[in-house]
Amino acid sequence: MGRSGKFLKIFAVTYLIFLYAPALLLPIFSFNSSQIIAFPLSGFTTGWFKALLYQETLHEALKNSLIVAASSSVFATILGTLASRSSSRYNFPGKQFSLTFILAPLVLPEIIVGVSLLIVLIQLGLPLNLWSVVLGHTLLIMPFSILIMNSAFNNLDISLEEASLDLGETPIGTFRRVILPLVYPGIMASLLLGFTLSLDEFIIAFFLTGTETTLPVYIWSLFRFPKQLPTTMALGTILILVSLILLSLSEYFRRRAAKTQTSVL
Amino acid sequence: MMFLLSFWTQDYLVLDKNFTLNNYIEAFTQPVYQLLFSRSLYISLTVTFFTVLLAYPMAYFISFYGGNRKALWLFLITIPFWTSYLLRMFLWKVILGYNGVLNSFLLWLEMISEPLTFILYNSNAVIIALTHGWAPFAILPIFVSLEKIDRSLLEASRDLGDGPIKQFFRVILPLSMPGVVGAALIIFIPTVGDYITPKLVGGTDGLMIANMIQVQFSKANNAPLAAALSVSSLVIVAFISIVFVLLNKKYLRKY
């Protein structure tokens, strides 16, 4: 490593510190006993975490968020699996166009997805409730799910499928007994990623929710009350831990997906 | 599912047509909207520029000096970004505020005598927060494109007498340009429409177009105008992105 390498290394480490700084504040201040988020620190407390236990609205929002995250990740994964299955195995007119179209939300600013969905829902006269949020999140997660499932299906050897059909399995049986087990890790990865994305998503939920709030919308409303800041920090600390765990799981399944493919072949 | 998707876009456009012209005229002639559009573009282009500028050496370091720790470095970069976007932006509010973490920390260390105000509730604050928030989205694509560079090309250029600096500008940079462009677009497109960051740390001087879209929607109850603003910003973003890609193609043709 030459001189320029050393400079780069110093830069890289500094940059990494810059990237980590905000996230590190969460645990620091969630245990700090002062209500004001500022230095110097005043003392250690777990009171903010205890306060979380008694917030009814928080529990309600958490429950809503879990419902939304669970249903939209399941819907998006089912739809994504079907879409990538059809696109990786069959050719049909307009395939490229429809795929591009489905992947569009990936590159659209979220606020535009939220606004347009809201317009459609209002035009259709549908009520705004948790299900409209589920709809929005399904739309948001689907591109990710398709990308994950595409790689799972592309790694799948078509001869396994043919073998199963030759050996007398019905197409449905083949799907259930051969294809599904092989792409199962991909499905798990898609579910977990979708769950995490939905749990985090704010703007679409903000636009589409009715009276029931999701967790990010609830956190957003907390920001207006300076008194609630340390509690918010405590909540944030817990959320970081949860998303870290979920994403490590998702990564684990993704790796295993890659391994299963190679060991079968 | 395709039906659903095609449906909202279609319906959206039809609705727009009914009201179009007036709303678009308003969107493009009212000084407020002009200001918001130009500020959104300014903020988002600055963020794109700085993020890519900071990300490039990082990606370069990992790709060329990372050795067998490349995966570890990448993992370390992405960890902080698994936390909620909302919370990260909120943390910047806490950090940059008048009595915030940064000011109180510097006061505590007696490095400054009174709180810094230029990083507070304005465009600068939005730029800092966004530059932080989108970092991995720039590092990863640039890293991938640097990884793809055939190392023997570097040896060839060295053998043919290029110094390190010349080599960088004539070989490495052009070859990694696809990654840079990808990174720029990935950052530019969503940041133009960012709602959370300007609302949290932007104060009144840092508000962006997305905030206005939201206000038009809820408080002003003028959904068609909000829609017109959304479509306009989408068109502007698409236009700039295309110009960007074309410029890059022209740049690459030189080599």
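Attention in this report is confined to the structure presented alongside it. Because the structure is a prediction, the values reported are computed rather than measured. Each residue is numbered by its place in its chain's sequence as written, counting from 1. Chain letters and ligand numbers both follow the written order, the letters beginning at A and the numbers at 1. Totals for whole chains, interfaces and linings use every residue, but because this is a predicted model, local features are given only for residues with pLDDT of at least 70 and side-chain atom pairs only at 80 or more, for both listing and counting.

**Quick notes on the overall build of chain B**
(1) Moving on: Under the DSSP-based scheme used, a helix requires at least four consecutive residues in state H or I and a strand at least two consecutive residues in state E, with every element numbered from the N terminus. When you go through chain B residue by residue, the secondary structure sums to 12 helices and 0 strands.
(2) Moving on: Taken from N to C terminus, the helices and strands of chain B fall in the order α-α-α-α-α-α-α-α-α-α-α-α.
(3) Moving on: Partly exposed residues are those whose C-beta has more than 12 but fewer than 20 other C-beta atoms within 10 Å; with 20 or more the residue is buried, with 12 or fewer it is exposed, and the C-beta atoms are placed from the backbone. Across the 255 residues in chain B, those meeting the buried criterion constitute 42%.

**Digging into the overall build of chain A**
(1) Moving on: The helix and strand inventory of chain A stands at 11 helices and 0 strands.
(2) Moving on: Reading chain A from its N terminus to its C terminus gives the helix and strand order α-α-α-α-α-α-α-α-α-α-α.
(3) Moving on: Sorting the 265 residues of chain A into buried and exposed places 41% on the buried side.

**With respect to the interface of chain B and chain A**
(1) Moving on: Contact criterion: two residues are in contact if their C-beta atoms, reconstructed from the backbone, are within 7 Å. Taken residue by residue, the interface counts 51 residues in chain B and 49 residues in chain A.
(2) Moving on: Residue assignment for the side of chain B that touches chain A shows that the elements contributing at least two residues are helix H1 (2–29), helix H2 (31–65), helix H3 (70–78), helix H4 (85–96), helix H5 (101–108), helix H9 (164–192), helix H11 (209–217) and helix H12 (223–253) of chain B.
(3) Moving on: Residue polarity is assigned by list, with Asp, Glu, Lys and Arg as charged and Ala, Val, Leu, Ile, Met, Phe, Trp, Tyr, Cys and Pro as nonpolar; anything else, Gly included, falls into the polar class. Classifying every residue of the side of chain B that touches chain A gives 40 nonpolar, 9 polar and 2 charged.

**A few points about the nonpolar core**
(1) Moving on: A set of buried Ala, Val, Leu, Ile, Met, Phe, Trp, Tyr and Cys residues, joined through C-beta atoms within 7 Å, is what we mean by a nonpolar core. Grouped together as the largest cluster of nonpolar side chains are 130 residues, with contacts concentrated most on Val-115 of chain A together with Ala-55, Ala-59, Ala-138, Ile-139 and Ile-142 of chain B.
(2) Moving on: Look past the residues within four positions of Ala-138 of chain B in its chain and what remains in contact with it is Thr-51, Val-52, Ala-55, Ala-183 and Ile-187 of chain B.

**Description of the packing of H4 of chain B against helix H6 (residues 123–133) of chain B**
Residues and elements named next belong to chain B.
(1) Moving on: Interaxial distance between H4 and H6 falls to 10 Å at its minimum, and their mutual angle equals 140°. Considered as vectors, H4 and H6 are oriented oblique to each other. Our pair here, H4 against H6, has a crossing hand that is right-handed. Two secondary-structure elements touch here, H4 through Tyr-85, Arg-88, Met-89, Trp-92 and Leu-96 and H6 through Ala-125, Ile-128, Ala-129 and Gly-133.
(2) Moving on: When grouped by side-chain class, the residues that make up the contact of H4 with H6 number 7 nonpolar, 1 polar and 1 charged. For helices, the axis comes from a line fit to the C-alpha atoms of the stretch in contact; other axes are also lines fit to C-alpha atoms, and the angle between any two N-to-C directions lies between 0 and 180 degrees. Here is the rule for angles: anything less than 35 degrees is roughly parallel, anything more than 145 is roughly antiparallel, 65 through 115 is roughly perpendicular, and the remaining ranges are oblique. Left-handed describes a crossing whose near helix is turned anticlockwise from the far helix by less than a right angle; the clockwise case is right-handed.

So far we have only geometry, and geometry alone does not tell us how the molecule works.
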